[in-house]
Amino acid sequence: MDKKILFSLLGLAALALTACGGSEATKPAVEDKSVGAAGADTDAGVSGKSLDAKADLLAKRRVYFAFDSSAVDAENRAIVEAHAAYLAANKNIKVVLEGHTDERGTREYNLALGERRAQAVERMVKALGVSADRVKNVSYGEEKALAMDHTETAWALNRRVEIIY
Amino acid sequence: MKTVLQPMKCILAVLFAGYAALASAILTIEITQGVDGGLPISIVPFGGAGKEPPPQDVAAVIEADLARSGRFTPLDKKDFVSRPTDDKQVVFKDWRIVKAEALVIGSVKPAAGGRYQVEFRLYDVYKEKQLAGYSYVVAADRLRAVAHQISDIIYEKLTGEPGVFSTRIAYVTREQTGKRFNYKLQIADSDGYQPVTVLSSVEPLMSPAWSPDGTRLAYVSFEQRRPVLYMQNVVTGTRRRIAEFNGINSAPAWSPDGTQLALTLSRDGNPEIYLMRLSDNALTRLTSHPAIDTEPSWSPDGKEIAFTSDRGGKPQIYRMRADGSNVERLTFEGEYNARASYSADGKMLTLVSGAQGRYHAALLHLQSSTLQMLTDTPLDESPSFAPNGRMILYATEHGGRGVLASVSADGRVRQLLKLQEGDVREPAWSPFNRTTPTN
């Protein structure tokens, strides 16, 4: 991945965390290393095996989607499952699932699409044993892009659900 | 003027609402296509009697209005043989020489109480006949408004259609200060001047919609960190929450008689279109489908509602009666058609049409079912008609920034409206009945 993009994304991720009060009460227990991962860059060239696969998955707090889709693929499903298992074991934690889209298409339709993505993850988390009263979903549609460029790479990063707890 | 703010859960979110006399960045208009070919008109610099020139050059405002419409070509003042400022000085032969078909003269003179008297006359050069002539006495801060009114009269006398120069546009701006974004819902004159901030927030704002009488805006605000629908009186600044159910509260559209709002709610789990009766906020659900149903738009007669649905797999435009019955699909061409908005005569929809990853403002001619692309820019959004149906205003991306653009319904005239800094988006053209904020 292009270094410049990576750096700007790291900056934006930091910005998103500071700008979004929704996450201020919920200090991430693990560092977010998901930038440039899953779905955004399928050709990362890194294939080393992690020593702690579960912690690695928990470090990823974004689930990515294809254009105009709310389907969670196998790679992203593993991330959701890891978080669901953690949440099922830690019953005092509440989670917010924030659905986002890229900038293409119309804002109101994207607001609905963002909700559909958040709901898709919500259904999975509930099915894996997290009680309904601990899960909330919210859609921001295309209003809170992480990557500001008007490119395929930026759009792929913006089509996401953020797992916030 | 004071605004009643309801208690907010999130202190960070909204900093202020209402008519604040903040210095706001002005939208500047750049005509990108189609300045030639209009009716040749001579607009003579207005005369005056004061020691100092009036605070607004009224003739210049009129000239810019008429040029921007694409239907007039104001002639170069350096070719003028004479410069009449009242009726007695007009020599029609002087104007036939420069090939003007119409002539505008006038004056701005100081009047009692610091006000100004504005007079103008419009002539048909070849018939040697006065077509219109009016006199106004106004405060200095109303001179631009009078200039736009004069432009409307000239436009209507010469084209037979009402002008839209006295209307206003609402839009959302986004500016970055440090690490934060600041969003503003603003209203400006149709030429981008005199912007007023209606609401400012650090969370996104979207979907402003004018009430048919031009006194209120409904819009979506994320100040509670979720999409909630508000209504705000743009004259008094008073605002209230009108829908804050679980899920999405969005896509407001006023019924033509102003008594109801069509809106999108996902309180039952998935986005459906509802009607809200404004007298008592009573809700009626219109759609019932597991797909996304959103972006309602009323036909001008109030009998039908067009909307976006992906019930066929991809977002397409559908139409139903205002009671939710007789749903029919309207668009079949293109992979993605969304956010339709009716023309004033009800014969066309303007919408966003996408194919191969490019999203253009387009027109759907309802009688022939033909879809006509209006632009070749790839990221167009939120198109709507001017109240006289001659222009379509939409949001697009230009030079990496969000800008507004307009295109005449015949595709001949194009303009960009942009801010010096930051993005501008979500344009909504006001109806004709404008209410002037008191000042």
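Residues numbered from 1 in each chain as written. Chains lettered and ligands numbered in written order. Predicted model: local features only at pLDDT ≥ 70, side-chain atom pairs only at ≥ 80, totals over all residues.

Trainee: Describe the interface of chain B and chain A, naming the residues involved and giving the relevant values.
Mentor: Facing 34 residues of chain B, the contacting portion of chain A comprises 23 residues. Every element with two or more residues in the side of chain B that touches chain A is listed here: β12 (205-210), β16 (249-254), β20 (293-298), β24 (336-342), β25 (348-355) and β28 (381-385) of chain B. No other element matches β24(B), which puts three residues into the side of chain B that touches chain A. Here the side of chain B that touches chain A is composed, by residue class, of 16 nonpolar, ten polar and eight charged. (Contact = placed C-beta atoms within 7 Å. Helix = DSSP H or I, 4+ residues; strand = E, 2+ residues; numbered from the N terminus. Nonpolar A, V, L, I, M, F, W, Y, C, P; charged D, E, K, R; others polar.)

Trainee: How would you explain the nonpolar core if you had to name every residue and give the values?
Mentor: Generally speaking, soluble globular proteins have nonpolar side chains that are buried together. Residue and element names in this part refer to chain B. With 81 residues, the main nonpolar core has Y219 and L263 as its most contacted residues. Setting aside its immediate chain neighbours within four residues, Y219 contacts L185, L205, M206, S207, P208, A209 and Y230. Counting 33 residues, the second largest nonpolar core, distinct from the first, contains I43, V58, A145 and V146. (Core = buried A, V, L, I, M, F, W, Y, C linked by C-beta atoms within 7 Å. Buried ≥ 20, exposed ≤ 12 C-beta atoms within 10 Å, placed from the backbone.)

Trainee: I'd like to hear about the pairing of strand β30 (residues 401-408) of chain B, residue by residue, with values.
Mentor: Residue and element names in this part refer to chain B. The element β30 is extensively covered by neighbouring structure, given that six of its eight residues are classed as buried. For strand β29 (residues 391-398) and β30, the ladder comprises eight bridges, and the chain directions are antiparallel. Bridge pairing in β30 places L393 opposite S406. Remark: two residues form the turn of the hairpin made by β29 and β30, two consecutive strands paired antiparallel; G399 in that turn has positive phi of roughly 60°. The sheet contact formed by β30 and strand β31 (residues 414-418) spans four bridges and is antiparallel. Residue pairing in the sheet places V407 in a bridge with R414 of β31. (Pairing = 2+ DSSP bridges.)

Trainee: Talk me through the sheet that holds β31(B); I want residue IDs and the actual numbers.
Mentor: Residues and elements named next belong to chain B. Ordered by their spatial adjacency, five strands build an open sheet running β2-β31-β30-β29-β28, and the pairing between neighbours is antiparallel. Edge strands, defined here as strands with exactly one partner in the open sheet, are β2 (28-33) and β28. For this sheet the average axis-to-axis angle between neighbouring strands, irrespective of direction, equals 25°. (Axes fitted to C-alpha atoms, helices over the stretch in contact; angles between N-to-C directions.)

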